[in-house]
Amino acid sequence: MRSVGQGGADWAGGKRRVGARGGADLPPRGPVMAACAFRRSIATQLSKVLDLAPENLIKSISAVPVSKKRRVADFQLSIASVLEDHSSDCLVQDLELQAQKLAEKLKCDAVVSEISTGPGTVNFTINRELLAKTVLQQVLKDGSEYGIKSELFSMVPRQKVVIEFSSPNIAKKFHIGHLRSTIIGNFIANLKVALGHEVTRINYLGDWGMQFGLLGVGFQQFGDKEKLKSSPLQHLFEVYVQINKAAEDENIKKLAADFFRKLEEHDEQTLSLWKQFRGFSIEEYIRIYKRLGVHFDEYSGESFYQEKSQEVLRMLEDKGLLQKTKKGTGVVDLSEKKDLSLYSTVMRSDGTSLYITRDVAAAIDRMKKHSCDTMIYVTDKSQSSHFQHLFQILKLMGYDWAERCQHVSFGLVQGMKTRRGEVVFLEDVLDEVRSRMLQNMASAKTTKEVEDPLETAEKVGLAALIIHDFRGLLSSDYQFSWDRALQSRGDTGVFLQYTHARLHSLEQMHGNEQLTDVNASCLQEPDAISVLQHLLRYDEVLYRSSQDLQPKHIVSYLLTLCHLAAVAHKTLPVKGSAPELAQVWHGGGAVSWGRARICRMCPRRLTSRQAVLQGDTTPGGQELLLMALPHLPGTQHHKENCSQPKHPLPHSSHHLSI
């Protein structure tokens, strides 16, 4: 999405108005959202002046971010984006002059009530009653699909996407990198599904290698079959720690090598024990991932590609790509000059494969199996060179689809520890979130009685953890703080959940019937207009996240929506307002609208937007999400309270479906 400044904020240059006219005609109807209809109307007028097709102007017209300090227009056109002779040396004054000249050729109409210019922009203000009526009707009509029907996505083809994420190692520590991979990969999968793509989620387990020789010997010496069944991840980790200490003994090393040799030879007894390690571990992973709202379509692993990696080595040799070193290892030359200044080792001196060889085999197998358009790998940035090598090897082997493989990398997080010490497993994180949030709830005087405090604490805490992680660029490193992540004030996940539940409570108290008509004249206050303007931007935010796969755009949008809703809740009270402002009787049934409608609109948008951040989707369904940032169990009703508590607990009996 093209990035533009807030040119409309200064309202510089000349401007022309038409009075707000009640009953203005709606923009052309069709399968488009409100922002699209307004953009198209503006583009149609611009096309006549600029002699450009409206389709070529759509993406140059963007909704203006809401400003706390001053009134802003609704849309703006960046002059630089439509000037053929524009260069980086073009003076700001020249752009301003061009903007003013263009604005003078444009006319206000039933859709645009005001045209102004800013620094290099032409700004458009939509007829206020038309804005309110169109946005409200679109939000209510589209529900969780609001934003998806935007013509910004009209040229984006529906694709088959394979996403590999999480990928922990059996019997080893589930470090914070695996947690980040889990929630980031889940976000990308949810986003792709929301936009209509067919997604396959793969968990590629570290389930093969010499460490399983050690683990097998360790289990024979220290293992307990009952503990393996009841707590496989914890028990295998304990066994692995014990046998590693004993591995200084050369005897243990020989036994481990012998165990792994038998495993590679598919010895029945050895393979049976390995299958138990893997099977019980996957069962526990599924249970734990469910707490996080994450699921996978496939549990794969290095073990799947032990034999196929040998096929890869033969293919590399047949194509003349495999070179032997003096030490007997096999390498692939990746240098431009073919002087081995850059290479990747793909074979040990004994002829066995390495991790990257198995990755090559896995990529080829997935493409054959899924015929996907895009293959995405989600790991920390320390593996960037590994994936560069992987994609280069695939290209050298003649697989053109390697161009469609993508590594989504993320930064490192320091400081995530539980009260008991270093994070070992994902479940440690989930338990810590629940424990700390439960303590915050217990210490807050404003906490209300809930049906299941443990579940509520976990859901709110997980939302806070995810929002905290998603606020910045994925590639950035950061220092983790439990206190900062779980605080209730400021731009946090707790505040987001609180706002969502608070608005649902208001909705329940003041009517929940289906809206059949909108009286837009009741929504002309500046704070109501700010909410409407912000809602106009969502398709652009969604489009931007879909292009760079960064969740921070959606998180920032959500938090701003929360703040705007909080202001509107204070300045546009529903309770105690005149009947014509708070409620109208229509068609024999009570229909809440006016000020209540603005508040009712926000939780619906919070729900669909937060949907892509975390949670499961309905397979093949059109819903953005069935479950998003965590559902909250029911809580008791409470009276309206405009003050935000120190540790607010959402007071809604409506389950959060964020």
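Predicted model only: the values in this text are computed from it and were never measured.

**Side note on the pattern of salt bridges**
This model, assessed by the stated rule, comprises 27 salt bridges. In this structure, lysine 149 engages aspartate 142 in a salt bridge whose closest nitrogen and oxygen atoms are separated by 3.5 Å. Exposure remark for lysine 149: the relative accessible area of 34% places this residue in the partly exposed category. Salt bridges linked by common partners bring Glu284, Arg287, Arg291, Glu427, Asp431, Arg434 and Glu458 together as one network.

**Observations regarding the sheet that holds strand S9 (residues 322-324)**
As summarised here, the arrangement of the three strands in space is S9-S10-S11, forming an open sheet in which the pairing is antiparallel. On the outer flanks of this sheet lie S9 and strand S11 (343-347), each paired with one strand and no other. Averaged over all pairs of adjacent strands, the angle between strand axes in this sheet comes to 45°, irrespective of strand direction. Relative to strand S10 (residues 330-333), S9 runs antiparallel, the two being bridged by three bridges.

**Points about the packing of aromatic side chains**
A full pass over the atoms with the stated rule returns 18 aromatic pairs. Ring centres 4.6 Å apart and planes at 40° place the aromatic pair phenylalanine 165 and phenylalanine 296 in the tilted group. Here phenylalanine 296 lies in the loop between helix H10 (268-292) and strand S8 (298-301) and phenylalanine 165 lies in the loop between strand S6 (160-164) and helix H5 (176-194), a separation of 131 residues in the sequence. Neither phenylalanine 165 nor phenylalanine 296 differs from the other in exposure class; each is buried. Members of the aromatic cluster, each reached through a chain of ring pairs, are Phe165, Tyr285, Tyr289, Phe296 and Tyr299. Lying across the ring of tyrosine 204, arginine 366 places its NZ or CZ 5.2 Å from the centre.

**Re the packing of helix H4 (residues 128-142) against helix H18 (residues 526-536)**
Orientation of H4 relative to H18, taken along the N-to-C sense of each, is 55°, at an axis distance of 10 Å. Classified by the interaxial angle, the pair formed by H4 and H18 is oblique. Between H4 and H18 the crossing geometry is left-handed. Residues Arg128, Leu131, Ala132, Val135, Leu136 and Val139 of H4 touch H18, and the partners they reach there are Ile529, Leu532, Gln533, Leu535 and Leu536.

**Regarding H18**
For H18, the buried fraction is high: nine of the eleven residues fall into the buried class. Those residues of H18 that fall on the buried side of the exposure criterion are Ala528, Ile529, Ser530, Val531, Leu532, Gln533, His534, Leu535 and Leu536.

**Side note on the sheet that holds strand S12 (residues 374-380)**
If you walk across this open sheet you meet the five strands as S8-S7-S6-S12-S13, and the pairing is parallel. Edge strands, defined here as strands with exactly one partner in the open sheet, are S8 and strand S13 (405-410). Strand-to-strand twist in this sheet, taken as the mean axis angle between neighbours without regard to direction, amounts to 25°. Relative to S13, S12 is paired through six bridges, and the arrangement is parallel. Pairing of aspartate 380 across the sheet is with phenylalanine 410, part of S13. Running over the sheet, helix H12 (residues 355-370) touches S6, strand S7 (198-205), S8 and S12 and is turned about 155° from S7. Where helix H13 (residues 384-396) meets the sheet, its contacts fall on S12 and S13, and the angle it forms with S13 comes to roughly 180°.

**Re empty space enclosed by the protein**
Counting across every chain of the model gives four cavities of 30 Å³ or more. Considering only enclosed or pocket space, the largest cavity measures out at about 60 Å³ in volume. Surrounding the largest cavity, Ile176, Leu179, Arg180, Ile183, Val413, Met416, Leu465, Asp469, Tyr478 and Phe480 form its lining. Elements with a contribution of two residues or more to the lining of the largest cavity: H5 and helix H15 (453-470). If one sorts the elements of the lining of the largest cavity by residue count, H5 sits on top with four residues. Classifying every residue of the lining of the largest cavity by side-chain character gives eight nonpolar, no polar and two charged.

**Some remarks on the environment of glutamine 159**
Relative to the elements of secondary structure, glutamine 159 occurs in the loop between H4 and S6. By relative accessible area, which is 24% here, glutamine 159 ends up partly exposed. Contacts of glutamine 159, omitting those with residues within four sequence positions, involve His197, Glu198, Asp373 and Thr374.

**Observations regarding the nonpolar core**
By size, the foremost hydrophobic cluster in this structure holds 140 residues, and its most contacted members are Phe75 and Phe124. Membership of the second largest hydrophobic core comes to 33 residues, among which are Leu316, Leu321, Ile356 and Tyr399.

**What about the environment of glycine 223?**
Tracing the sequence through the fold places glycine 223 in the loop between helix H6 (211-222) and helix H7 (225-230). Exposure remark for glycine 223: the relative accessible area of 32% places this residue in the partly exposed category. Residues glycine 223 and glutamate 238 lie 15 residues apart in sequence; the distance between their C-alpha atoms is 9.1 Å. When residues no more than four places from it in sequence are discounted, the contact partners of glycine 223 are Gly218, His235 and Val239.

The rules behind each value
Residues numbered from 1 in each chain as written. Predicted model: local features only at pLDDT ≥ 70, side-chain atom pairs only at ≥ 80, totals over all residues. Heavy atoms only, no water. Salt bridge = Lys/Arg side-chain N within 4 Å of Asp/Glu carboxyl O. Buried < 20%, exposed > 50% of the residue type's maximum accessible area, 1.4 Å probe, protein only. Pairing = 2+ DSSP bridges. Helix = DSSP H or I, 4+ residues; strand = E, 2+ residues; numbered from the N terminus. Axes fitted to C-alpha atoms, helices over the stretch in contact; angles between N-to-C directions. Phe/Tyr/Trp six-rings, centres within 6.5 Å; stacked < 30°, edge-to-face > 60°. Lys NZ or Arg CZ within 6 Å of the ring centre and 35° of its normal. Parallel < 35°, antiparallel > 145°, perpendicular 65-115°, else oblique. Left-handed = near helix turned anticlockwise from the far one by under 90°. Contact = heavy atoms within 4.5 Å. 1 Å grid on protein atoms, 1.4 Å probe; cavity = no way out; pocket = protein on both sides within 12 Å on 5 of 7 lines; lining within 4 Å. Points joined across faces, edges and corners; volume = space filled by probe spheres on them. Nonpolar A, V, L, I, M, F, W, Y, C, P; charged D, E, K, R; others polar. Core = buried A, V, L, I, M, F, W, Y, C linked by side-chain atoms within 4.5 Å.

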